[in-house]
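Here is how the chains run, residue by residue.
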Amino acid sequence: KFDADRIQLQTESQAGLIGFLETSVESGRYLIRMSVGTSTNSLQFVFGGGRERDLTAHLLTLDPTGPGRIHRLPGGTMIQDAPAVTSGVFDRSRLVEILVTGTQVSARIDGTPVTTTAIAELVPGRIGLIAPLTRPAPGPRLDVRNMRILMLPE
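Let me begin by describing the structure that accompanies this report. Sequence order as written defines residue numbering, which begins from 1 separately in each chain. Thresholds applied to this predicted model are a pLDDT of at least 70 for local features of residues and 80 or more for the giving and counting of side-chain atom pairs; totals over whole chains, interfaces and linings are not thresholded and use all residues. As a rule here, side-chain values come from all non-hydrogen atoms in the structure, and water together with hydrogens is ignored.

Our next topic: the sheet that holds strand S3 (residues 17–27). Across a sheet, paired strands are connected by hydrogen bonds in the backbone, their directions being either parallel or antiparallel. One requirement defines pairing of two strands: DSSP has to find at least two bridges between them. To qualify as a helix, a DSSP run of H or I must reach at least 4 residues; to qualify as a strand, a run of E must reach at least 2; elements of each kind are numbered from the N terminus. Strand order across the open sheet formed by six strands is S3-S12-S5-S6-S7-S8, with antiparallel pairing between neighbours. Each edge of the open sheet carries a strand with a single partner, namely S3 and strand S8 (77–80). Sheet twist, expressed as the mean angle between neighbouring strand axes with direction ignored, is 25°. With four bridges connecting them, strand S5 (residues 44–49) and strand S12 (residues 125–132) associate as antiparallel partners. Geometry is summarised by axes, namely lines fitted to C-alpha atoms with helices restricted to the contacting stretch, and by angles between N-to-C directions that run from 0 to 180 degrees.

If you want it as C-alpha cells, here you go:
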C-alpha cells in the first residue's frame, strides 16, 4: 500500500522478495532519513545498484534480524556483520539515517550507530528498499514513513 508519505506491506510468508528502486538517480553521495514503524520485520536498504537484470548491489539490513549487516548481491557475500549488541529498541517507531559518501556507508537508528563501513568496490548506483518475503508467521511486515533523500554535491 502506497500513500503520500508511507509504504506498507503485509502478506503471508512466501519465497522471494519485493523491492522498490529509485531508477532516475544514480548518485554516490546522499543522506536518507525515514521512520520505520514497529510492525516492520523485513527491511533492507539497497544501494550501489546496477542496471543488470540480476541486480548487482549492496543490502543494508534495517530490521530486527540484524541491523547494520551489509551483504553484496548477487550471492549474499557478507561485507559487514551486525554489531554484537544492538542498542536500538524495536518496540517503537525508529528514525533511520543512512549516509553514503563515495565508498563509506554509515547508518544510525535513533541516533545510535549500527554501521560505519568502507566498501572499496562500491560505485554510484540505484537505491531503494527490499523486503524479503520469507519471514515466518505472521509473515513479512513493512511500514516506512516520511522517507527523504538528500542528494549531496559531488
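Right, let's talk about the side chain of Arg-126 for a bit. If you trace the backbone, Arg-126 turns up in strand S12. For Arg-126, the contacting residues outside a window of four places in its chain are Glu-22, Thr-23, Val-25, Glu-26, Val-46, Phe-47, Gly-48, Gly-49, Gly-50 and Arg-51. Note on contacts: a residue pair is in contact if any heavy atoms of the two residues lie within 4.5 Å.

Turning next to the sheet that holds strand S4 (residues 29–36). Pairing is antiparallel across the open sheet formed by seven strands, whose spatial order is S1-S2-S13-S4-S9-S10-S11. Two strands bound the open sheet, and with one partner strand each, they are strand S1 (2–3) and strand S11 (112–118). When strand S10 (residues 104–109) meets S11, the two strands line up antiparallel, connected through six bridges. Its bridge partner lying in S11, Arg-108 is registered against Pro-113.

Nine residue types can take part in a nonpolar core, namely buried Ala, Val, Leu, Ile, Met, Phe, Trp, Tyr and Cys, and a core is a set of them joined through side-chain atoms within 4.5 Å. In this scheme, a residue with accessible area under 20% of its type's maximum is buried, one over 50% is exposed, and one in between is partly exposed, where area comes from a 1.4 Å probe on protein chains only. Counting 27 residues, the largest nonpolar core has Met-34, Phe-45, Phe-47, Leu-60, Leu-62 and Ile-98 as its most contacted members. When residues of this core are assigned to their parent elements, the largest contribution, four residues, is made by S4. Dropping the residues within four chain positions of it, Ile-98 is found in contact with Tyr-30, Leu-31, Ile-32, Met-34, Phe-45, Leu-60, Leu-62, Ser-106 and Ala-107. Counting residues in each nonpolar core, the second largest holds five residues, with Val-46, Ala-57, Leu-59 and Ile-130 among its members.

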